[in-house]
Amino acid sequence: MVKIYDTTLRDGSQREGISYSTEDKLNITKKLDELGIDYIEGGWPGSNPKDIEYFNKVQELKLENAKISAFGSTRRANIKAEEDKNLNAILASGVKVATIFGKTWDLHVTQALKTTLEENLNMIESSVAYLKSKGLEVNFDAEHFFDGYEVNPEYAIKVLLAAQKGGADTLVLCDTNGGTMPFKIKKIIAKVKEEISVPLGVHAHNDAELAVANSLIAYEAGAVQIQGTINGYGERCGNANLSSIMPNLKLKYNEEFITDEQLAKITEVSRYVSEVANLNPPSHKPYVGDSAFAHKGGIHVSAILRDSKTYEHIRPELVGNKQRVLVSELSGKSNLVYKAQELGINIEEESTDLRAVLDKIKDLEHQGYHFEGAEASFELLVEKATGRYTKLFELEGVRIITEKSEDKSPLSEATIKVKVNGERVHTAAEGDGPVNALDGALRKALISFYPELKDIHLIDYKVRVLEGNEGTSAKVRVLIESTDGHQTWGTVGASTNIIEASWQALVDSIEYGIKLKKVD
Ligand SMILES: CC(=O)SCCNC(=O)CCNC(=O)[C@H](O)C(C)(C)COP(=O)(O)OP(=O)(O)OC[C@H]1O[C@@H](n2cnc3c(N)ncnc32)[C@H](O)[C@@H]1OP(=O)(O)O
Ligand SMILES: CC(=O)C(=O)O
């Protein structure tokens, strides 16, 4: 049975921009364990105090599936393994599994280590033997194995034999620079198997966008341990992405290495790790991305409504993801039917002119609206088209002035006249900018009629210039994201006047928010 070895917390943290706290690492450990990961490489105890603290604390966790592994290098040249700080730090970390990397490529031995080829073999054998003598399970990561094999196959094999002689439990063939092609991985592993009896593993990097393919080719060629990281995080272009490898193994190769329930957690784990890493969730990644099962083209939506197999290679629920349909100028009437169904409206059974609604959406998208990120505006549009919409207020007029002088920051003031339930309200508010003032004035006018407005806030306001070459008279699109503290929703406006575009998105935001609160 294939074993999954996760190095999100070690190699994954070598990605630019990631810095986990000890607590982050412990929390991720728990998630990886729930996912059914066999080995979790928690860090390098010889590297820094945070990793030492992690190994101290991780022993208190009650893990169901995973063994914790500590990483490090072989001993330094010309000393005894017993004297090596790194190896002793691994032992002091209290783990039962160690993974040490050694040089396989002769260039690295002479140029990076500045030692002899013979001494490197001694370093590998004695380091593995030392850890084995202390009762540890030992993985030997043969760094740059494939590159080393290309230039000096005899030496690369000698390295594996040295680790085997030292007693290594698994020999992990690393594509450290991530540039090896799949056909070479296959050919080289076949050669290795002629010489080596210890189980093999693979550790691939993604510099040629092939880490997942190379891991799977290695698995086909007989590797029984696959190393990688959640979301493919890792140094440079990343490591092999376990969020793809695990579904591939289970759903395409029928490897029963985790349960169906565990596989269904993979999307949640992927998003959790990105959240903790403080990175945007990987929205376009296979299996786990928000877009992995998002259908935009009308032809696709029409077909998936009949049978989702037509445009989905697996059922999204198998990996804990979900099907989504987007509305845009590329929609057909099927997109509308699907989205209306999500809103609980069986639009086909109503007298609504679907074609007219679709034409309206296409026309608005042509004008610059973009409904993909503004589902609340789309929902209001459907309500209007199906006669469900109730206007919350009527605008009689709004005036905004911005005052600016050399020595003062600009200040804006909006004066607004609206009619609510037949009552006329005339009010004004100041703001940092014109949109802020407009927002303040509108809220002030409506709050006594709709007190639920106090819970509704804007969390994001984006402006995009749509026709850059038109200069200051260019059309702009405003996208607003709002929340009531529980749910978030997006609205859109478009105009050559930024205030008008903002007004449209703002009114949709407020109307949608009030409607939501009424339903609650
Ligand atoms: C392919 C991989 O991903 S390997 C993992 C890479 N990750 C990291 O490097 C992150 C953690 N690293 C660290 O915290 C530090 O680099 C440490 C603590 C390990 C070492 O720090 P320093 O002692 O200051 O050395 P420095 O980082 O400058 O250089 C690396 C040293 O390790 C030696 N080294 C490199 N690989 C090996 C190896 N497989 N076996 C033994 N020694 C090695 C180098 O020869 C060099 O030794 P030298 O300084 O005596 O010439
Ligand atoms: C060991 C390791 O991280 C590598 O070779 O890439």
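If you check an unreviewed UniProt entry, the protein chain appears there as Citramalate synthase from Orenia metallireducens. Heading Catalytic activity (unreviewed entry) of the UniProt record for the protein chain holds this comment: "pyruvate + acetyl-CoA + H2O = (3R)-citramalate + CoA + H(+)". The Pathway (unreviewed entry) comment attached to the protein chain in UniProt states, word for word, "Amino-acid biosynthesis; L-isoleucine biosynthesis; 2-oxobutanoate from pyruvate: step 1/3."

Further remarks concern the overall build of the protein chain. Broken down by element type, the protein chain carries 18 helices and 16 strands. By the compact-globule yardstick of 24 Å for 520 residues, the protein chain is too spread out, its C-alpha radius of gyration being 30 Å. Per-residue burial for the protein chain yields a buried fraction of 44% across its 520 residues. Within the protein chain, residue pairs in contact and separated by at least 24 positions form 67% of the contacts whose partners lie at least 6 positions apart.

Turning next to the site of ligand 1. For ligand 1, the set of nearby residues contains 16 residues, the closest of which are Ser 47, Ser 73, Thr 74, Gly 102 and Leu 113. Within the shell around ligand 1, the residues separate by chemical class into four nonpolar, eight polar and four charged.

Two elements in contact, helix α1 (residues 22-35) and helix α2 (residues 49-58), have axes separated by 9 Å at closest approach and are oriented at 45 degrees. By the criterion of interaxial angle, the relationship of α1 to α2 is oblique. As α1 packs across α2, the resulting crossing turns out to be right-handed. In this structure, α1 contributes Thr 22, Lys 25, Leu 26 and Thr 29 to the contact, and α2 contributes Lys 50, Glu 53, Tyr 54, Lys 57 and Val 58.

Turning our eyes to something else, we now look at the site of ligand 2. As a matter of local geometry, ligand 2 sits amid Asp 11, Phe 101, Asp 141, Glu 143, Cys 174, Thr 176, His 203 and His 205. Grouping the constituent residues of the shell around ligand 2 by class yields two nonpolar, three polar and three charged.

This next bit is on the domain arrangement of the protein chain. One can read the domain layout of the protein chain as domain 1 (3-276), domain 2 (294-367) and domain 3 (393-449). Measuring from the centre of the C-alpha atoms in domain 1 to the corresponding centre in domain 3 gives 60 Å.

The next point concerns the UniProt feature "domain: Pyruvate carboxyltransferase" (unreviewed entry) in the protein chain. UniProt tags residues 2-267 as "domain: Pyruvate carboxyltransferase" (unreviewed entry). Structurally, residues 2-267 is divided into 45% helix and 17% strand, and its ends, taken at the C-alpha atoms, are 21 Å apart.

Attention now moves to the sheet that holds strand β12 (residues 408-420). Note: strands within a sheet are paired through backbone hydrogen bonds, in either parallel or antiparallel orientation. Strand order in the open sheet formed by three strands is β11-β12-β13, with antiparallel pairing between adjacent strands. Since the sheet does not close on itself, it has two edges, and those belong to β11 (394-405) and β13 (423-431), each with one partner. With direction set aside, neighbouring strand axes in the sheet form an average angle of 10 degrees. As defined by bridge partners, β11 adjoins β12 across ten bridges and the pair is classed as antiparallel.

Mapping Leu 161 onto the fold places it in helix α7 (residues 153-166). Residue Leu 161 is classed as partly exposed on the basis of its 17 C-beta neighbours within 10 Å. In this structure the C-alpha to C-alpha distance between Leu 161 and Ile 347, which are 186 residues apart in sequence, comes to 69 Å.

Bringing unusual backbone geometry into the picture now. The phi angle at Asn 78 is positive, at roughly 65 degrees, despite the residue not being glycine. Here Asn 78 is to be found in the loop between β3 (67-73) and α3 (85-92). On the neighbour-count criterion, Asn 78 (10 C-beta atoms within 10 Å) is exposed. For Asn 254, which is not glycine, the phi dihedral falls at a positive 55 degrees.

Our focus in this paragraph is α2. Among the residues of α2, Asp 51, Tyr 54, Phe 55 and Val 58 are the ones counted as buried. Burial along α2 is one-sided: seen end-on, the buried residues are contained in an arc of 95 degrees. Packing partners of the buried residues in α2 comprise α1, β2 (39-43) and β3.

Let us now look at the nonpolar core. Soluble globular proteins tend to pack their nonpolar side chains together in the buried interior. Grouped together as the largest cluster of nonpolar side chains are 83 residues, with contacts concentrated most on Ala 98, Phe 140, Ala 142, Ala 163, Leu 171 and Leu 173. For Phe 140, the residues in contact, after removing those within four places along its chain, are Ile 100, Gly 102, Val 128, Ala 163, Ala 168, Leu 171 and Val 172. Core analysis: the second largest hydrophobic core is formed by 46 residues, Ile 345, Ile 347, Trp 503 and Tyr 512 among them.

This part takes up α7. For α7, built from 14 residues, the straight-helix expectation of 20 Å at 1.5 Å per residue is met to within 8% by its first-to-last C-alpha distance of 20 Å. Buried residues in α7 make contact with β4 (97-103), α5 (117-133), β5 (137-143), α6 (145-151), β6 (170-175) and α8 (182-195). Of the residues trailing α7, Gly 167 is marked for its positive phi of about 110 degrees.

What follows concerns the sheet that holds strand β14 (residues 457-465). The strand order across the open sheet formed by three strands is β14-β15-β16, and the pairing between neighbours is antiparallel. The open sheet has two free edges, formed respectively by β14 and β16 (488-495), since each of these has just one partner strand. Taken pair by pair, the neighbouring strands of this sheet meet at an average axis angle of 15 degrees, ignoring direction. As defined by bridge partners, β14 adjoins strand β15 (residues 476-483) across eight bridges and the pair is classed as antiparallel. Paired with Val 463 across the strands is Val 478, a residue of β15.

Inspection of the secondary structure puts Val 465 in strand β14. The spatial distance from the C-alpha of Val 465 to the C-alpha of His 486 is 31 Å, given a sequence separation of 21 residues. If we ignore the near neighbours within four places in the chain, the residues touching Val 465 are Ala 474 and Val 476.

Turning to the confidence of the model for the protein chain, a few remarks are in order. Any residue range with low pLDDT should be treated as having predicted coordinates unsuitable for detailed reading. Per-chain confidence: the protein chain averages 96 in pLDDT, with 99% of residues scoring 70 or above. Overall fold confidence (pTM) sits at 0.90, and the ipTM for the predicted complex is 0.95.

Reading guide: rules and limits
Residues numbered from 1 in each chain as written. Chains lettered and ligands numbered in written order. Predicted model: local features only at pLDDT ≥ 70, side-chain atom pairs only at ≥ 80, totals over all residues. UniProt positions renumbered as here; feature names shortened; annotations may be inferred. Helix = DSSP H or I, 4+ residues; strand = E, 2+ residues; numbered from the N terminus. Rg over C-alpha atoms; globule rule 2.2 N^0.38 Å. Buried ≥ 20, exposed ≤ 12 C-beta atoms within 10 Å, placed from the backbone. Contact = placed C-beta atoms within 7 Å. Near = placed C-beta within 6 Å. Nonpolar A, V, L, I, M, F, W, Y, C, P; charged D, E, K, R; others polar. Axes fitted to C-alpha atoms, helices over the stretch in contact; angles between N-to-C directions. Parallel < 35°, antiparallel > 145°, perpendicular 65-115°, else oblique. Left-handed = near helix turned anticlockwise from the far one by under 90°. Domains from an automatic or database assignment. Pairing = 2+ DSSP bridges. Arc of directions from axis to C-beta. Core = buried A, V, L, I, M, F, W, Y, C linked by C-beta atoms within 7 Å. Expected span 1.5 Å × (residues − 1). pLDDT = per-residue confidence, 0-100.

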